[in-house]
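Descriptive analysis of the structure
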Amino acid sequence: MNYVVNPKTNDTLSILGYGCLRFTKKGTSIDQAKAESEMSAAIERGVNYFDTAYIYPGNEVTLGKFLSKGLRGKVNIATKLPHYLLHKTEDIERIFSEELQRLQTDHIDYYLMHMLPGIPTWERLCNLGIREWIASKKKSGQIRNVGFSFHGGTHSFISLVDAYPWDFCQIQYNYMDEYAQAGVGGLQYAAEKGLLVVIMEPLKGGRLANNLPKAAKKMLQAAHPDWSPAEWGLRWLWRQKEVGVVLSGMNALEQVLENTRIASFPRENLLSEKELAVLDKAKKIIDSAAKINCTGCGYCMPCPAGVDIPVCFRCYNDLYTESRYIGFKEYLMCTTLKAKPTSASVCVKCGRCETRCPQKLPIRKELERVRKKIETPLYSLIKKGAKLFYKF
């Protein structure tokens, strides 16, 4: 197993982290015995970073039961504070205390603000006293490192990186999201600022492992018959020095064995230039279904009206390159469910973005396509329901 050092705290962490979101279910509950078998195999092979969250049903309890068997000292626990469930200052301590109880521990090694979307939400947390609360918990040792997880565009991510002296951050990043979400620009910026960068969705929820177009899968198999699609994705990530810990939602022993094997290779030798060229060709096949040829460069930003243009276009393309469900969900999560929405309907058609676009895209026209396709009556209904949920 290869390891990385957190530059802020000098912690030594395995470059493969165990993502607990996808534990196997047995009926309506998590299969505790199966999960423990797979987690034991991971620890035996050097994994020492386990990621869970307050809102993952049963996950903190499952991990806590497992680690209580004399294993707590062998791992770092990462879990998350759901800002969207906080309505008063007392809620912060209540949820944190519940997490400690579930996890059967007296401290959290890596504590994240969960799905922090942008500065307005961070400012709301600050008004609830989150800065003072974090300081007291770090002083007492109940929290060792503090960070945030993020879904959104590069500009919002960079603003959050600069908003507080974080110890680490967590972003969605994979070879298809190189210029989406925080992207390579956000990755490099955070690393330059001395933050450990934890990667989630390295295989886009398994879609880069199990749902590649036939032509792309055939191309990768021809280049390396002994590599799975998942191995291509993990090798692409770990060859980048800015990548710290890569989370994998392992729920089969075969996945644990494969991923720990790949995480043990010398990082500088993971992909040759020839292999990168093959992967680039496969990416083009996957991208071929995209409808808007936005590269996600961000030159159109910032939008005076607040539209996150690259994210809107990326979610629209996801409708065709991924699935309608994925595109719709990403659009809601990354543009709509924010204190200040950044969705296509915010556009005032000023045209400033089009003067800056290197691709010369008719951005106003494309945003209107996005609005008509995604912001349907169903979208409005779900948006209203989600806001009522947050309110209560």
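For the structure, check the block above.
Anyway, here's the lowdown on the structure attached to this text. (Residues numbered from 1 in each chain as written. Predicted model: local features only at pLDDT ≥ 70, side-chain atom pairs only at ≥ 80, totals over all residues. Heavy atoms only, no water.)

So, the packing of aromatic side chains
Each aromatic ring pair is specified by the distance between its two centres and by the angle formed by the two planes. By the definition in use, this model includes 19 aromatic pairs. The rings of Trp122, Phe148, Phe150, Phe157, Tyr164 and Trp166 are connected pair by pair, giving a single aromatic cluster. Positioned over the ring face of tyrosine 320 is lysine 291, at 5.0 Å from the centre of the ring. (Phe/Tyr/Trp six-rings, centres within 6.5 Å; stacked < 30°, edge-to-face > 60°. Lys NZ or Arg CZ within 6 Å of the ring centre and 35° of its normal.)

Brief notes about the layout of surface pockets
The computed volume of the largest pocket comes to approximately 1,200 Å³. What lines the largest pocket is a set of 44 residues, among which Leu21, Arg22, Glu201, Lys204 and Gly205 lie closest to the centre. For the lining of the largest pocket, the element with the highest residue contribution is helix α14 (residues 324-336), accounting for seven residues. A per-class count over the lining of the largest pocket returns 21 nonpolar, 14 polar and nine charged. (1 Å grid on protein atoms, 1.4 Å probe; cavity = no way out; pocket = protein on both sides within 12 Å on 5 of 7 lines; lining within 4 Å. Points joined across faces, edges and corners; volume = space filled by probe spheres on them. Helix = DSSP H or I, 4+ residues; strand = E, 2+ residues; numbered from the N terminus. Nonpolar A, V, L, I, M, F, W, Y, C, P; charged D, E, K, R; others polar.)

Things to note about the sheet that holds strand β8 (residues 108-113)
Around the barrel, which closes on itself, the eight strands sit in the order β3-β6-β7-β8-β9-β10-β11-β12 with parallel pairing between neighbours. Recorded for the sheet is a direction-independent mean angle of 30° between the axes of neighbouring strands. Looking at chain direction, strand β10 (residues 168-172) and strand β11 (residues 196-200) are connected through five bridges and run parallel. Counted as the bridge partner of isoleucine 171 is isoleucine 199 from β11. (Pairing = 2+ DSSP bridges. Axes fitted to C-alpha atoms, helices over the stretch in contact; angles between N-to-C directions.)

Observations regarding the environment of tryptophan 236
Within the element layout of this structure, tryptophan 236 appears in helix α10 (residues 229-238). With 195 residues separating them in the primary sequence, tryptophan 236 and alanine 41 have C-alpha atoms 24 Å apart. Contact partners of tryptophan 236, with chain neighbours within four places excluded, come to Tyr173, Asn174, Tyr175, Glu178, Leu271, Leu276 and Leu279. (Contact = heavy atoms within 4.5 Å.)

Side note on empty space enclosed by the protein
For the coordinates displayed, the defined rule picks out two cavities of 30 Å³ or more. Estimates place the volume of the largest cavity at around 100 Å³. As for the largest cavity, its lining consists of 17 residues, and the residues nearest its centre are Cys303, Pro304, Ile309, Cys350 and Cys353.

Some details on the pairing of β11
With five of its five residues buried, β11 lies for the most part within the structure. Taken together, β10, helix α7 (residues 183-192) and β11 form a β-α-β motif whose crossover is right-handed. In this sheet, strand β12 (residues 245-248) lies alongside β11 in parallel orientation, the contact comprising two bridges. Across the sheet, the residue bridging to isoleucine 199 is valine 246, located in β12. (Buried < 20%, exposed > 50% of the residue type's maximum accessible area, 1.4 Å probe, protein only. Right-handed = clockwise from strand over helix to strand, strands pointing away.)

A few points about the packing of helix α6 (residues 154-161) against α7
Between two packed helices, what matters for the description is the angle formed by their axes and the separation of those axes. Between α6 and α7, the least distance of the axes is 9 Å, while the angle of their chain directions is 15°. Relative to α7, the element α6 is oriented roughly parallel. In the packing of α6 onto α7, the handedness of the crossing is right-handed. Contacts from Thr154, Phe157, Ile158 and Val161 of α6 reach α7 at Gly185, Gly186, Tyr189 and Ala190. When the residues that make up the contact of α6 with α7 are grouped by side-chain class, the tally is five nonpolar, three polar and no charged. (Parallel < 35°, antiparallel > 145°, perpendicular 65-115°, else oblique. Left-handed = near helix turned anticlockwise from the far one by under 90°.)

Thoughts on the environment of glutamine 101
If you trace the backbone, glutamine 101 turns up in helix α3 (residues 89-103). Separated by 132 residues in sequence, glutamine 101 and glycine 233 have C-alpha atoms that sit 36 Å apart.

A look at the state of the cysteines
Scanning all chains against the criterion turns up zero disulfides. Its sulfur unpaired, cysteine 312 is 7.0 Å from the next cysteine sulfur, which belongs to cysteine 315. Residue cysteine 312 is classed as buried on the basis of its relative accessible area, which comes to 0%. The closest cysteine sulfur to the non-disulfide-bonded cysteine 315 is located on cysteine 334, 5.2 Å from its own sulfur. (Disulfide = S-S within 2.5 Å.)

Comments concerning the pattern of salt bridges
Tallying each qualifying case throughout the model produces 25 salt bridges. For glutamate 242, the salt bridge is made with lysine 241, and the minimal N-O distance between the two is 3.2 Å. On the accessibility criterion, glutamate 242 (18% relative accessible area) is buried. Taking the relative accessible area as the measure of exposure, lysine 241 reaches 74% and is therefore exposed. If you follow the salt bridges from partner to partner, you end up with Glu60, Glu98 and Arg102 in one network. (Salt bridge = Lys/Arg side-chain N within 4 Å of Asp/Glu carboxyl O.)

A short note on the nonpolar core
Residues Tyr18, Met113, Trp122, Phe148 and Trp238 are the most contacted members of the largest nonpolar core, which totals 97 residues. Looking at this core, the element that brings in the most residues is α10, giving six residues. Setting aside residues no more than four positions away along its own chain, tyrosine 18 makes contact with Phe23, Glu38, Met39, Ala42, Val47, Tyr49, Phe50, Asp51, Leu247, Ser248, Met250 and Val256. Phe313, Phe328, Cys347 and Leu361 belong to the second largest nonpolar core, which has 26 residues in total. (Core = buried A, V, L, I, M, F, W, Y, C linked by side-chain atoms within 4.5 Å.)

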